[in-house]
Structure formats: C-alpha cells, structure tokens
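Secondary and tertiary structure notes
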Amino acid sequence: MSDNGRPESPEQTERQAEQQTEAPAEEQTEQQAEGRTEQQSAEGTQGDTTMETAGVPDAAIPELVIISGMSGAGRSTAAKCLEDLGWFVVDNLPPALIPTMVELGARSQGNVARIAVVVDVRGRRFFDNLRESLADLESKNVTRRIVFLESSDDALVRRFESVRRPHPLQGDGRIVDGIDAERELLRELRGDADLVIDTSSLNVHELRAKMDAQFAGEEEPELRATVMSFGFKYGLPVDADLVVDMRFLPNPHWVPELRPYSGLNEEVAAYVFNQPGAKEFLDRYAELLQLIAAGYRREGKRYVTIAVGCTGGKHRSVATSEKLAARLASQGVETVVVHRDMGRE
C-alpha cells in the first residue's frame, strides 16, 4: 500500500525492492573503502616511525650526540674530543636539519656510525625547532644523547675577558647580561640533557678526560704519530713536538760508495746502526717514547710529530726514522713516516 492508501503498482514495488537491495551494497562498499583507507593510513604512519621506509635498516641508523651549553664553557673542546674519537662532528647545524643529517648518515652504509652536532646561541632562532627535531628522531628509533656544558658566571666572565671578545648575546650591555640571556634561553635544553658537565674549575685536559670517560668506552684513546726526517741545514720543522738530533753518528756522506744513496738503502742503514751507540740510542729512545705516549694519552693529546734530524736529511735521519716508526707501530701506535728533505740536495 502507498502512503495515500492506494495499492502500489508492480513498478513501484520493484523499484523499492531494488533500492533496498542496492542501498546496503553501496553502504558496504563505502565502509570497505573507508576501512582500506584507514588501514593504508595506519600502515603509512607506522612505516614513517623508522627509517625502514627509505630502505635503511635500524642497525644502520647512526648514534647521535648533541653538544650544547653556555658560550665559553668548552663546547669546541668537547666537539674536538669526539672528533678525535672518530665521531663525525658538525658545528652549528640548524636543529631542523638534524634529522636530515642522521638520515644521510644512515645511508652511508656504516661509514658514518656516530654523529655529533654542536648547537649554540648563534643559532638561537632555530631553537624553536629543536624540540620538534628531537621528537622526530625519537619516533625514528635514533639513539641520541644531549651533552650540556655548564660553567659559573665568574668563570665565564674571566674567559671572555681573557680573550677580549664580547658575549654573543650581550649586545650593548655587559658580559653578564649576555650570560643571563643565554641561561634563560638554554634553561629548557639543560633540563633535557643526559649529561651536564660543569667546567668552572676544569682545564682543557680535564674536560677532554671527562669526555673520554663518557664516550671512549673501554678502549684507550688512540695516539697517532708522524715521524719526520729532516736536515738541520734546511731548518727545524715548525710542527715538531719532539726533536731528535742524529748528528752524533758518523755521516755516510763522507763514504764515497754510500753518498749517492739515502737512508732507505739497506747498506746505508746498516752503516748507520753499526756505529757505536746507534742501536742503544734507538732502544732507549723507544722506551722513552712509551712513557711520553702514556702521558700524552692522559692529557688528551692525540697527535705527536717526532722530527729526526741530521745535517742534510738524507742518510742518518732517514734510516733512524724508518727504524723508529717500525718500533712505534709494533707498540700499537698508528704511525706515518715523512722524509721532508730527502732528494732536496
């Protein structure tokens, strides 16, 4: 029956039946489409939580350290320490670019396994993006630590006055005004820090020791040595840490059959080390270098240049440099040999 009491026609009855049949089918189709859309959206969101979407396994994601803190508190020293320990260090990178840097490191196939980023007040307009970047890194399973370098007002004032430079934030005011402004700016970041180091009473070597203790692990900091032969008549190497004078030995230059050759020649080397005192000198100096190397490591010094000299830098110094470098290498010191003046005559 229709609403007006008249019997419905077969056409009306058929249309109503079709509408009742089609409506549930359309609703079911729409629900299925909505369900697929929600599932795809959820899968897309889940895929974005790691770097797997870019084809990068979690194992390849580099470790990240963010170095920040007060200006003058030792950020540069801390960064150099991590660089010496093999970290890839980026200074003053805008926080918004930190996730991009980590992703690039992840794509390096293990060549960049540890990244350190220095964030300071020179990039203060980027600090608003730092928390967002940190949240992004956390969602991508990136292991990160924040190292905050702290120092007292008195110590910071002394340091700025000693180098006669203004504080980055003091403007037309005093150094203490810049320090106060910076403390307020960094207050929230300091609260989020995983490691806070107060450098008020620390010197450079003590700060490096603290960084080594945190990041070097069980491995002893590596020492690298450059052994350089040179000729005194051409001047001392300006970058020499230690200088050895081999002119106490007879000069092969005055032996006609040896004169044309350098200390790399076996006969020249044999002549040098068959001289009285030559082998004893090498043995004792190698022992002395062991003591020096241990002290360098304690003081955070990673590189040493040992200059070995003779008159012309061709015979005695070259032969001794080769022998000394071999001794150091056998003691676990990474060693490079440079013959500065050989072939110069």
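Nothing here was measured: the structure is a model prediction, and the numbers come from that model.

Interpretation of this model should avoid reading the predicted coordinates in detail wherever pLDDT is low. On average, the protein chain scores 80 in pLDDT, and the residues at 70 or more come to 79%. Here residues 1–50 is a poorly scored stretch, pLDDT under 50, and it has 17 contacts once near neighbours within four places are set aside; other chains count.

Here we take up the sheet that holds strand E4 (residues 144–150). The strand order E2-E3-E1-E4-E5 describes an open sheet built from five strands, whose pairing is parallel. Every interior strand has two partners, whereas the edge strands, strand E2 (88–91) and strand E5 (195–198), have only one. Across the sheet, the mean angle from the axis of one strand to that of its neighbour is 20°, orientation sign disregarded. Alignment of E4 against E5, held across four bridges, turns out to be parallel. Opposite Leu149, over in E5, you have Ile197 as the bridge partner.

With that out of the way, let us pick up the packing of helix H8 (residues 266–273) against helix H10 (residues 316–330). Packed helices, taken two at a time, are described by the angle between their axes plus the distance between the axes. Contact geometry for H8 and H10: axes closest at 9 Å, N-to-C directions at 90°. Judged by the inter-axis angle, H8 sits roughly perpendicular to H10. Two secondary-structure elements touch here, H8 through Ala269, Val272 and Phe273 and H10 through Arg316, Ala319, Thr320 and Lys323.

A few words on the sheet that holds strand E7 (residues 242–245). Sheet strands pair via backbone hydrogen bonds, and the direction of the pair is either parallel or antiparallel. Read across the open sheet, the four strands follow the order E7-E8-E6-E9; overall the sheet is parallel. Edge positions in the sheet fall to E7 and strand E9 (334–339), since each has one partner strand and no second. Direction aside, the axes of adjacent strands within the sheet are offset by 20° on average. Summarising the sheet, strand E6 (residues 224–231) and E9 pair through six bridges and their orientation is parallel.

Turning our attention to the side chain of Ser133. Tracing the chain through its elements places Ser133 in helix H4 (residues 130–139). A polar contact is formed between the side chain of Ser133 and the backbone oxygen of Pro95, at a distance of 2.8 Å.

Helix length check: helix H7 (residues 204–215), at 12 residues, gives a terminal C-alpha distance of 16 Å against a target of 16 Å (1.5 Å per residue), a fit within 8%. Buried residues of H7: Leu207, Arg208, Met211, Asp212 and Phe215, and no others. When H7 is viewed along its axis, its buried side chains cluster within an angular range of 140° and face the same direction. Buried residues along H7 sit against strand E1 (63–69), helix H2 (75–84), strand E3 (114–118), E4 and E5. Between a side-chain oxygen at the N-terminus of H7 and the backbone nitrogen of His205 the separation is 3.1 Å; the capping residue is Asn203.

Moving on, we get to the environment of Arg144. Note on placement: Arg144 falls in strand E4. Each C-alpha atom, one on Arg144 and one on Ile66, is 7.4 Å from the other, the two residues being 78 residues apart in sequence. Those residues in contact with Arg144 that sit more than four places away from it in its chain are Leu64, Leu134 and Asp194.

With that settled, consider the pairing of E2. Sheet analysis places E2 next to E3, joined by four bridges and oriented parallel. Bridge pairing links Val89 to Ala116 in E3. This β-α-β element, E2 to helix H3 (residues 98–106) to E3, shows right-handed connectivity.

Once that is clear, we can look at the packing of aromatic side chains. Using the criterion set out here, one finds four aromatic pairs in the structure. Arranged with centres 5.8 Å apart and planes meeting at 85°, the rings of Trp87 and Phe215 form a pair that is edge-to-face. With a gap of 128 residues between them, Trp87 in the loop between H2 and E2 and Phe215 in helix H7 connect regions that are remote in the sequence. In this structure, Trp87 and Phe215 share a single accessibility class: buried. Aromatic rings pair up to connect Phe248, Phe281 and Tyr285 into one cluster. The positively charged end of Arg247 is found above the aromatic ring belonging to Phe232, 3.7 Å away from the centroid. Directly above the ring of Phe273 sits Lys323, whose terminal nitrogen or CZ lies 5.7 Å from the centroid.

Conventions adopted
Residues numbered from 1 in each chain as written. Predicted model: local features only at pLDDT ≥ 70, side-chain atom pairs only at ≥ 80, totals over all residues. Heavy atoms only, no water. pLDDT = per-residue confidence, 0-100. Contact = heavy atoms within 4.5 Å. Pairing = 2+ DSSP bridges. Helix = DSSP H or I, 4+ residues; strand = E, 2+ residues; numbered from the N terminus. Axes fitted to C-alpha atoms, helices over the stretch in contact; angles between N-to-C directions. Parallel < 35°, antiparallel > 145°, perpendicular 65-115°, else oblique. Polar contact = N/O pair within 3.5 Å; in protein donor to acceptor, adjacent residues only side chain to side chain. Expected span 1.5 Å × (residues − 1). Buried < 20%, exposed > 50% of the residue type's maximum accessible area, 1.4 Å probe, protein only. Arc of directions from axis to C-beta. Right-handed = clockwise from strand over helix to strand, strands pointing away. Phe/Tyr/Trp six-rings, centres within 6.5 Å; stacked < 30°, edge-to-face > 60°. Lys NZ or Arg CZ within 6 Å of the ring centre and 35° of its normal.

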